[in-house]
Structures are given as C-alpha cells and as structure tokens.
There are 2 protein chains.
Amino acid sequence: MTTLSGERFQVAYRLATTSLGAARAWTRAICLEQTVEFPADLLPADWIAQELVGREESLTPAGEGAFIATVSYPIETVGGELPQLLNVLLGNISLQPGVRALRMDAPESLLNAFRGPRLGCGGLRALLGVWDRPLLFTAVKPMGLSASELADRVYQMALGGVDVIKDDHGLANQAFAPYRERVARCAEAVQKANRLTGAQALYAPNITGPFDQLRERAQWAKSMGAGGILICPALSGFDAMRALADDDALSLAIFSHPAFLGNFLTSAESGIAHGALLGQIMRLAGADAVVYPNFGGRFSFTRAQCEEIAREAAAPMGALKPIFPCPGGGMTLDRIPELKAMYGRDVMFLVGGDIVRHSPDLTANCRYFRSVVESGAL
Amino acid sequence: MTTLSGERFQVAYRLATTSLGAARAWTRAICLEQTVEFPADLLPADWIAQELVGREESLTPAGEGAFIATVSYPIETVGGELPQLLNVLLGNISLQPGVRALRMDAPESLLNAFRGPRLGCGGLRALLGVWDRPLLFTAVKPMGLSASELADRVYQMALGGVDVIKDDHGLANQAFAPYRERVARCAEAVQKANRLTGAQALYAPNITGPFDQLRERAQWAKSMGAGGILICPALSGFDAMRALADDDALSLAIFSHPAFLGNFLTSAESGIAHGALLGQIMRLAGADAVVYPNFGGRFSFTRAQCEEIAREAAAPMGALKPIFPCPGGGMTLDRIPELKAMYGRDVMFLVGGDIVRHSPDLTANCRYFRSVVESGAL
C-alpha cells in the first residue's frame, strides 16, 4: 500500500432531496462513486475503505428540498493532475440529476501542484501599463469578414483606447479569415495603433481548435506579437489551457471563454456553482481573466452569481494569483457606472455589440467607452 | 468575400417556451448567437446577413411548453474543425436555460471532414476475433490497488473470457499505481492470459490526463501491446479523442467514457440529447465504443434514451462507421437476457461491480458472465 499523507480536500455538494436519510445515503454513494467506484463491502483493503474513499464531513439542511453535504477526499486521489481533480469533483456524479458542486476547499499541498495564472491581475496590468482603472475589453467580429477587414476594426478599436481586443469566440480557422493570416494582420494592427497612442493594447486571438494545433496556434500568436490568447476550455479541455499557461516559452496572457460550458451553470440543481467553476477552477487552470455573461444581458446569470465569480477570482487560494472577472454577454455602455460600483477596479468590461452600435465611428465609440470607464475612475 | 457552397447542416433545438412569438424570437437569436454574435441591423455585408447567419428552417410546437426549432448553418462556419462544430451547435447558447440540441443532420461534405471511428464495430470485432455474440466488457479497479494487484485482476478476468478490460476511469497517474507501470503490467497480464485461452482479449488503459501527456500515454499503451485506450472526452476535450483516433501510428481501439459529461444529459430542457451526444458526436469524435449508464442502474437514463444512443451509434452517417453502445453504470448480470433482446448483437455489456460480487473467484465469475451472454446467443 501507499501511505496517504492524511491531507484531504473538501467539496461541498448541494443534494436535491427532502429526506435526511436519502441525503445520507446519497452522500455515502458519492464518497464511493468519486473514488473507488466499487461496492463498499468488497473493498480489498481496510485503508482503502477507511482512508481512500470520500468521507462525509458534514451534512446540513439547506432550505426547502435540499441538503449540503461536505465530502473530503485524500489529495492523493488526484495524482497532481487537473483532469483527475475535475473527475473526483464531479466526474460520474455529473450523470446523476440533483447534485451540484458548490465549492472546493483545498490545502496548499494540492493547490501548489498547479501554477495557476501566469500573470493574474498584476501581471496583466503590467503588460498593458494600466494601473488605475478597470480595463477595457472588446471583441472583433463578425465571422465572415476577411482578415484585413477584421484587422481594420482592431486598429480602430486600439486607436480608440481599448486595452484588450479579443477575437470573437466563433472565429476559428474558417476560410473567411484563416487563423494565421488573421492573427498576423490583427496583431500588426494593434502594434501600429500602439505606436500612435503610446499604449500597450493587446490582441488575443481565439486559439480554440484541433488538439494537435493548439500549441502551434499559441506559438503563432506569440511570434506575431499578439501578447495573449482566447481559449474555450469546455471545447479544448481545461488542461489544454493549463498547459499553455504553464509554458514558459509562450508566456502569454490567457483569457478563458465560457462557450459550451453553460450546462454546468444554468441549473441550480446540477453542475458546478459559478464561483467554483468560473473562479476557482479557471484560476487553477491558468486563466488570467475569465469571460462570463453579466447579469442583465442576454443570458441568465444573476447579480449574486456574478458577485460570487468576482469574489472567487480574487479570494486567497494558496499561491495562485487573483484574476480578472470579465463581465460581458450583451453588456451596454450605460451599465458601466453601476458595474464599476459593484466590481471595483479589478474588472475588465467586455463590451462588443454596443460599441459598434453607438455611432458609425468605431474609434470614437471606443474613446467614449474609455471616457465612461475613466469618469470618476476608481 | 468568400463564396459559400450553399451546403448547410441542420440542428433541431428544443426551446422551452409556451409562446410561438417567443419561440420565433429565440430562434432568430440563436441564428445570430451561434454564428456572427452581432446585432442583425449592423451586419457589414448582405451575404453575411442573408447566408452566413443561421436560418430558421422550421418551427413546430412540441407538446406542452416547448417548440422545436430547426436551424441550418452553412458548413463553412465550422471550418472543418470539431471544436468549432460543437461551438456552432451549442457554444454560447449552452448558457441560456431552456435550449436543448436534439439532433444534427449534416451533409456528407461536412461529415467527410471527419474520419470518425478507426475501427467501428467491424474493426473492433476483428481485433477481438469475436463475430457471433455481444462483447463482454469490464473494468479493473478499485483505485488504491498497486499495479501488480490490478494486473492480477486483469489476468483473472481475461482468463475468464472477458473481451475488453478497461481501467476504471478513476485510475489516472496516482502513486498507488502509476500509469506506465500499471499499463505495462496489465497489458502483459492480458497477453499471458491470451496465450492460455487462445483469445484476443484487450486491455484499455485510461489515458485521460494532462494535455501534453495524452499522446505519450497512448503511445505507451500501444508500445506495451494494450490494443485500446479509454478516454473521457469531457475532461480531455472531444478533439483530443478525435486526434488520437486519427493517428495512424497509434491505430488503437478507442473507448469513450462519460465522466464530467453528465450536465449535458441530465435535464430534458438543456444540453444535448442522448442520441446526438453519445451517438452522433462520439462517432464524429472517433470513439469505437461509447460507455454510458444503462437504464435501471444507479444513474437516471431511461430505456428510450438508451435506445436512442444505440440507434445513433448504428444509423447511417456518411462514411462514418457504426460503433458499439456500451451500457454500464451498475449493470447486473441478471439483466443481460433482457438487454440482449433490446440491444441485439452489436453491444458491449459493461459489468463491473456485479462481477466481483458474484463469488470470490473472479475467473469463475467472468466465465459465468460469458455463459450468460452466450446462452441463446444472438
């Protein structure tokens, strides 16, 4: 047998049931399912039955029809690998309706297996040279434009004072604007604007693509001077983002996008809570900034869920750096004063469509976006 | 502009709403959200507005409180890449409660961008040398055993006549049984048993792990003579599985596992329907056999959902080979006669715990499993 350290990490689960007995049986089932997946009475060794399987740490009622079970697992079940951490957290029980992972509390010994964000808030601010205000974030689109048409928009937006311009997450490697050509032109456009403005704006292409081209796309972004990348971890796998964040030769700012991730988030009875998934897990997986749909836009997140994301993006978490929450998803410029008050200074406001709508002059619109963010800057 | 071919693929979505007007507006929003993500009135070119965005093909009531919207997208939006296909299918709208992708209908020109399963049912049968009956599938576990203890179990199960022995999906690279050592010993154990039985049983280690070690783990499995691999695409990314399936130098049987995938499946109002996700998408992504929890086990799939998976695993789909449905998740031996009648011959019965429970003699238990599957074999 391998000796266990005795160190365990805890996961709080919401269980949708009205009965304490059912909640207790369910918790016991989770303890087995997420570790040995084996009949308890047939486990081949005492230390496996007593130490390796999950352990119920607490079980408390949580309002009408729900209990919160806190289960601890030995850190050794994870083997120091992110996919297996997610597997212990919610692997098989994602297939059971009514169980939601609310948060994770991990000892430093487990957290330290992950380097997390390379830059975090401080590093990204240094890269951009912006210390005293929230950051301006936009997306270049739509799909269908050519690489040079997109680059022209990127240039206008950088000239208008936007800090980070990402690809729309739907720009992949389509014939309209193939990845390499698009990145070359858009990165050049930002550099040209930066020479005029004196700023250090950054272009972040969407590298989400084939498994065997992810690193190559990130390297191309780097070599063209892009400075950052956008990735959708639900499409690429969370560990792809982690691997790119860990790559010293790349050293790029990483922006995570929630495409294809929604089914963990939209039900209060299943999946993973907003703060745990978009805060804790995105940080573990190396995002420097996490994009999500803000409350009041065209998606359904609530204000409380957005606050939870922002809180977990900044909460103490071993040696892992705090990261930027990036509320977007139909954000309008008129909401920025309210959101500055709510999020404080360490936020990136992601405004896409509303910048285009403001007037036909994209550069002027971005200057207006900048003035709104700067007025009474925090 | 790039000229579009005019070829489109269709996705049927279930929309949870009682109002036709709301369903129509929602469908229009999906057409934009999943392609250009841009205000319709500001699109920069007519061909983008008229051809590139999604198009409502039909909208019909579907019982109480729901409509089915069929939306078509130009195949060019996908750019021939699987992550972007999933992104068009459900990327951002996964974040909207109440929309579920029911099925995809794609022209051959899109399907042919993907090679799909390397082996499929016929190839896997040839590899195993078994033509005339359902296949026997089990998992070696529990986590906590050493590599040699696991290998001993693998040996006994292969000796008992099981066709495919996979790692439990919770076996990653933990110190109890590190990946390389485990694979070397377990693959050797199957080969030793095969020399005695004359069979061609196969061991499939779980390669789900760090992004930058996935291919290396598959290569190690190959070099040790494992013949197959298990992967959890929700943890690794679907395209990781696709890339490994496409790798001619590997040429391994691929078994997909649904860990961490459940939140697409557990709600009738969101996610992706069972047949589309576990049938169509797993095939596109190169699985030769798809593991899922059978109805009546410890998960919640219904009989109809399982039938849908089996149907889509075998339905005509361009040049893509049919694949094996692998019902598991608490399957007991006594259900096999019923399930043979339901699934027919092209099924792999995945029985784990119940094989261990049957008697203390693992080899005898596997022989019994075999006899149950063979009795009145289809």
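Before any of the text, the structure's been laid out above.
Rules behind the numbers
- Residues numbered from 1 in each chain as written.
- Chains lettered and ligands numbered in written order.
- Predicted model: local features only at pLDDT ≥ 70, side-chain atom pairs only at ≥ 80, totals over all residues.
- Heavy atoms only, no water.
- Pairing = 2+ DSSP bridges.
- Helix = DSSP H or I, 4+ residues; strand = E, 2+ residues; numbered from the N terminus.
- Axes fitted to C-alpha atoms, helices over the stretch in contact; angles between N-to-C directions.
- Contact = heavy atoms within 4.5 Å.
- 1 Å grid on protein atoms, 1.4 Å probe; cavity = no way out; pocket = protein on both sides within 12 Å on 5 of 7 lines; lining within 4 Å.
- Points joined across faces, edges and corners; volume = space filled by probe spheres on them.
- Nonpolar A, V, L, I, M, F, W, Y, C, P; charged D, E, K, R; others polar.
- Buried < 20%, exposed > 50% of the residue type's maximum accessible area, 1.4 Å probe, protein only.
- Polar contact = N/O pair within 3.5 Å; in protein donor to acceptor, adjacent residues only side chain to side chain.
- Phe/Tyr/Trp six-rings, centres within 6.5 Å; stacked < 30°, edge-to-face > 60°.
- Lys NZ or Arg CZ within 6 Å of the ring centre and 35° of its normal.
- Least-squares fit on C-alpha atoms with pLDDT ≥ 70 in both.
- Parallel < 35°, antiparallel > 145°, perpendicular 65-115°, else oblique.
- Left-handed = near helix turned anticlockwise from the far one by under 90°.
- Lys, Arg positive; Asp, Glu negative; His and termini not counted.
- Salt bridge = Lys/Arg side-chain N within 4 Å of Asp/Glu carboxyl O.
- Buried area = accessible area lost by both parts, 1.4 Å probe.

Thoughts on the sheet that holds strand β13 (residues 348-350) of chain A
All names here are of chain A.
- What the four strands build is an open sheet, ordered β7-β6-β5-β13; its pairing is parallel. Looking at which strands have only one partner, the edges of the open sheet turn out to be β7 (202-204) and β13. Strand after strand, the sheet turns through a mean of 25 degrees between neighbouring axes, direction not considered.
- Pairing geometry for strand β5 (residues 135-140) and strand β6 (residues 164-167), over four bridges, is parallel. Each residue of the ladder has a partner; that of F137, found in β6, is V164.
- Contacts from helix α6 (residues 147-159) reach β5 and β6, with the element oriented near 165 degrees to β5.
- The strands touched by helix α7 (residues 179-197) are β6 and β7; relative to β7, the strand with the most contacts, the crossing angle is about 165 degrees.

Concerning empty space enclosed by the protein
- Within this structure, the stated rule accounts for eleven cavities of 30 Å³ or more.
- In this structure, the largest cavity spans a volume of roughly 90 Å³.
- As for the largest cavity, its lining consists of P233, A234, F238, F260 and F264 of chain A together with A234, F238, F260, L261 and F264 of chain B.
- Residue composition of the lining of the largest cavity, by class: ten nonpolar, no polar and no charged.
- What the second largest cavity holds in volume is close to 70 Å³.
- Those elements that place two or more of their residues in the lining of the second largest cavity are β5 (135-140), α6 (147-159) and α14 (353-358) of chain B.

Examining the environment of H169 of chain A
- Residue placement: H169 of chain A occurs in the loop between β6 and α7.
- H169 of chain A gets classed as buried once you look at its relative accessible area, which sits at 4%.
- Expressed as a C-alpha distance, the spacing of H169 of chain A and A139 of chain A, which sit 30 residues apart in the sequence, is 8.5 Å.
- Once you skip the residues sitting within four places of it in the chain, H169 of chain A turns out to touch N206, L230, C232, H257 and A259 of chain A together with E37, Q84, N87 and N92 of chain B.
- Engagement of the side chain of H169 of chain A in a polar contact is seen with the side chain of H257 of chain A, the distance being 3.4 Å.
- A distance of 3.2 Å separates polar atoms of two side chains, one belonging to H169 of chain A and the other to E37 of chain B.

Topic: the packing of aromatic side chains
- On inspection of all chains with the given rule, the structure shows nine aromatic pairs over all chains.
- Here F137 of chain A and F255 of chain A contribute two aromatic rings whose centre-to-centre distance is 5.3 Å and whose plane-to-plane angle is 45 degrees, an arrangement assigned as tilted. One end of the pair, F137 of chain A, is in strand β5; the other, F255 of chain A, is in strand β9 (residues 253-256), with 118 residues separating them in the sequence. Here the two residues F137 of chain A and F255 of chain A agree in accessibility, since each one is buried.
- On the numbers, 4.8 Å between centres and 40 degrees between planes, the contact of F264 of chain A with F260 of chain B is tilted. Taken together, the positions of F264 of chain A in the loop between β9 and β10 (271-272) and F260 of chain B in the loop between β9 (253-256) and β10 (271-272) put the pair across two chains.
- Residue placement shows K192 of chain A over the ring face of Y155 of chain A; its charged tip is 4.5 Å from the ring centre.

Here we look at the relation of the copies chain A and chain B
- Here chain A sits on chain B after a turn of 180 degrees about the axis and a move of 0.0 Å along it, with an RMSD of 0.0 Å. Both copies of the chain, as the preceding transformation shows, are related through a two-fold rotation axis. Closest approach to the rotation axis among the C-alpha atoms of chain A is made by G237 of chain A, whose C-alpha sits 2.1 Å away.
- A shared interface surface links the copies, since 100% of the contact residues of chain A are contact residues in chain B too.

Regarding the packing of helix α12 (residues 303-314) of chain B against helix α13 (residues 336-343) of chain B
Residues and elements named next belong to chain B.
- Between α12 and α13, the shortest axis-to-axis distance is 11 Å and the interhelical angle comes to 50 degrees. Here α13 runs oblique to α12, going by the angle between their axes. Read as a crossing pair, α12 and α13 show a hand that is right-handed. Residues R303, C306, E307 and A310 of α12 touch α13, and the partners they reach there are E338, M342 and Y343.
- By residue class, the composition of the contact of α12 with α13 is four nonpolar, no polar and three charged.

Considering the side chain of D168 of chain B
- Within the secondary structure layout, D168 of chain B lies in the loop between β6 (164-167) and α7 (179-197).
- Despite its burial, D168 of chain B pairs with no opposite charge; the closest candidate is K141 of chain B, at 4.0 Å N-O.
- Look past the residues within four positions of D168 of chain B in its chain and what remains in contact with it is T35, V36 and E37 of chain A together with A139, V140, K141 and N206 of chain B.

Details of the interface of chain A and chain B
- Across the contact, 82 residues belong to chain A and 82 residues belong to chain B.
- Here chain A meets chain B over a buried area of about 7200 Å², counting both sides, of which 62% is carbon and sulfur.
- Area buried by chain A at its contact with chain B is led by L95, F211 and F260 of chain A, which between them contribute 13% of it.
- Scanning the region where chain A abuts chain B turns up 14 salt bridges.

A few points about the pattern of salt bridges
- Enumeration according to the criterion identifies 51 salt bridges over all chains in this entry.
- For the salt bridge of D239 of chain A with R242 of chain A, the shortest nitrogen-to-oxygen distance reads 2.8 Å. Highlighted residues: D239 of chain A and R242 of chain A, both in helix α10 (residues 238-246), separated by three residues, approximately one helical turn.
- Assessed through its relative accessible area of 12%, R242 of chain A is described here as buried.
- A single salt-bridge network, built from bridges that share partners, covers D212 of chain A together with R215, D239, R242, D246 and D247 of chain B.

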